[in-house]
Amino acid sequence: MFDLLLRQARLVDDTVRDIALKDGKIAAVGDIDDLARKTVDLRGECYVSAGWIDSHVHCYPKSPIYHDEPDSIGIATGVTTVIDAGSTGADDIDDFYSLTREAVTDVYALLNISRVGLIAQNELANMANIDGEAVNQAIKRHPDFIVGLKARMSSSVVGENGITPLVRAKAMQQENGGLPLMVHIGNNPPDLDDIAERLTAGDIITHCYNGKPNRILTPGGELRASVTRAIQRGVRLDVGHGTASLSFAVARRAISAGILPHTISSDIYCRNRINGPVYSLANVMSKFLAIGMSLPQVIECVTANAADGLNLKTKGRLAPGFDADLTLFTLQRQPTVLVDAENDSLQAEELLVPLAAVRAGKGYMTEQGSAKYAFDF
Ligand SMILES: [Zn+2]
């Protein structure tokens, strides 16, 4: 007998299937006759995908500058897994790990290569804080929690150090089995060409559609040759919307030239969640629908692509044996003006609305869902 059976779930390819869960895993997907302890009939009226994964968030509640609660940006908005992108370094990762054990949302971390993490804006300005041995020890203590490294390579963060922190990050990556390295790009120096040329397969460029001078497009609107070569080597592009890092104009131009994101992520924390322009991962996903990506493409960016990019081997797919993490959502016809980080606007006709989520086999209503549906989990 299954623990939970969702009948007539609409998948993003518009087929309708039953999904059975048992012992925290997906047990079967298809036409299912067996009984379950609990059955919820969705009547084909709402979509179900693998649980959404936000590849770039900030949820260390004690960070003085970028903080939030994991469940406020996670399960309450239909996101079942979040990856904190460098809020903590080796000094605070133990504390962060223990705090996140309380959360319903599954939380992982990209370890900041600076041992002090985000206690200030310029965590890479003092090379003494980039301590390879401290990084190695932190990864040894938390091999399942730390899924990669984070290096913020923009002028306000690195100070006078230029490209040197990235050179150190690549060496740390090599010492630790080649785990994913997420590199934030922003204002130069260092120049994006110098960054891109150093990245290798599996590295992730976040804030990929930022509108700053260090953007991925040349002044003529073409993709920089260094970024083209990086993508050909297997470097991945992550959105990382954030307060200052998504330009609709850059995203539209890049996507129309075939430069799609591998992952759509929010770079959310309490201030840009409450005051915008981020609000939620669903809001960021709706922006990419409005730009012209298809629903299956957008969902792929927060499920299979996100899991692949961060080596989350039991997540991201609606298939037997994967974690019983699901997101239930609708595509609601609701003309809305959406705003990017440059204060440019875009007319959207439809919005993604998360209604409920299942995390490790257990159902939860979302903030937006409770008002409309009452799934009996
Ligand atoms: Zn960030």
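Everything below is about the structure printed above this text.
Residues numbered from 1 in each chain as written. Predicted model: local features only at pLDDT ≥ 70, side-chain atom pairs only at ≥ 80, totals over all residues. Heavy atoms only, no water.

**A short note on the overall build of the chain**
What counts is decided by this rule: Going along the chain from the N terminus, every DSSP run of H or I of four or more residues is numbered as a helix, and every run of E of two or more is numbered as a strand. For a compact globule the rule gives 2.2 Å times the number of residues to the power 0.38, and the radius of gyration it is set against comes from C-alpha atoms. Throughout, exposure labels follow a simple rule: accessible area from a 1.4 Å probe, protein chains only, divided by the maximum for the residue type, with under 20% read as buried, over 50% as exposed, and the rest as partly exposed. We call two residues in contact when some of their heavy atoms are within 4.5 Å. A 1.4 Å probe and the Shrake-Rupley method give the accessible areas. Residues count as covered only by the protein chains that appear here. We score Asp and Glu as negative and Lys and Arg as positive, and we do not count His or the chain ends. For charged residues, the charge sits on one atom: NZ in Lys, CZ in Arg, CG in Asp, CD in Glu.
Within the chain one finds 12 helices and 15 strands. Taking 2.2 N^0.38 as the reference for a compact globule, 377 residues should give roughly 21 Å; the C-alpha atoms of the chain span a radius of gyration of 20 Å, in line with that estimate. By its C-alpha atoms, the chain is 65 × 45 × 35 Å across when sized along the principal axes. Within the span of the chain, comprising 377 residues, buried residues form 58% of the whole. Excluding contacts between residues fewer than 6 apart, the proportion of contacts in the chain whose partners are at least 24 apart in sequence is 72%. Accessible surface, the chain as shown: approximately 14,300 Å² in total, 48% of it carbon and sulfur. The average position of the 36 basic charges and that of the 46 acidic charges among the side chains of the chain differ by 1 Å.

**Some remarks on the side chain of Ser87**
This is how the line gets drawn: Here a polar contact is taken to be a pair of N or O atoms separated by no more than 3.5 Å, where protein atoms must pair a possible hydrogen donor with a possible acceptor and residues adjacent in sequence count only if both atoms sit in side chains.
Along the chain, the position of Ser87 falls in the loop between strand S7 (79–85) and helix H2 (93–100). For Ser87, the side chain forms a polar contact with the side chain of Asp84, separated by 2.8 Å.

**Details of the coordination of the zinc ion**
Let me state the cut-off plainly: Only nitrogen, oxygen and sulfur atoms count as donors, using a 2.8 Å cut-off from the metal that widens to 3.2 Å for Na, K and Ca. Water is left out, so coordination shells may look unfilled.
Here the zinc ion is held by His56 (NE2), His58 (NE2) and Asp267 (OD), and the distances to it run 2.1 to 2.3 Å. Sequence spacing among the residues donating to the zinc ion works out to H-x1-H-x208-D. Residue His56 shares its accessibility class with His58, and that shared class is buried.

**Describing the packing of helix H8 (residues 248–256) against helix H10 (residues 281–291)**
For clarity, the cut-off: To get an axis, fit a line to the C-alpha atoms, keeping to the stretch in contact for a helix; angles then go from 0 to 180 degrees between the N-to-C directions. Note that the term roughly parallel is reserved for angles under 35 degrees, roughly antiparallel for angles over 145, roughly perpendicular for angles of 65 to 115, and oblique for everything else. Working rule for handedness: look at the near helix, and if it is turned counterclockwise from the far one by less than a right angle, call the crossing left-handed; if clockwise, right-handed. Polar here means any residue outside two lists: the nonpolar Ala, Val, Leu, Ile, Met, Phe, Trp, Tyr, Cys and Pro, and the charged Asp, Glu, Lys and Arg; Gly therefore counts as polar.
Close contact between H8 and H10 brings their axes to 10 Å; oriented N to C, the two are set at 55 degrees. Judged by the angle between their axes, H8 and H10 are oblique. In the packing of H8 onto H10, the handedness of the crossing is right-handed. Here Phe248, Ala251, Arg252 and Ile255 of H8 come into contact with H10, specifically with Lys287, Phe288 and Ile291. Looking at the contact of H8 with H10 residue by residue, the classes come out as 5 nonpolar, no polar and 2 charged.

**What to know about the pattern of salt bridges**
Between side chains of opposite charge, pairing is possible as soon as their charged atoms come close. Going by this rule: The working definition used for a salt bridge is a side-chain nitrogen of Lys or Arg within 4 Å of a carboxyl oxygen of Asp or Glu.
One pass over the structure, following the stated rule, counts 23 salt bridges. Arg229 is the partner of Glu197 in a salt bridge, and the nearest nitrogen-oxygen pair spans 2.4 Å. Here Glu197, found in helix H6 (residues 192–198), pairs with Arg229, found in helix H7 (residues 225–233); they are 32 residues apart in sequence, far enough to count as distant. Looking at Arg229, the relative accessible area reads 38%, which means it is partly exposed.

**Looking at the environment of Ala254**
Along the chain, Ala254 turns up in helix H8. Among the residues examined, Ala254 registers a relative accessible area of 1% and is labelled buried. For Ala254, the residues in contact, after removing those within four places along its chain, are Tyr209, Ile216 and Ile259.

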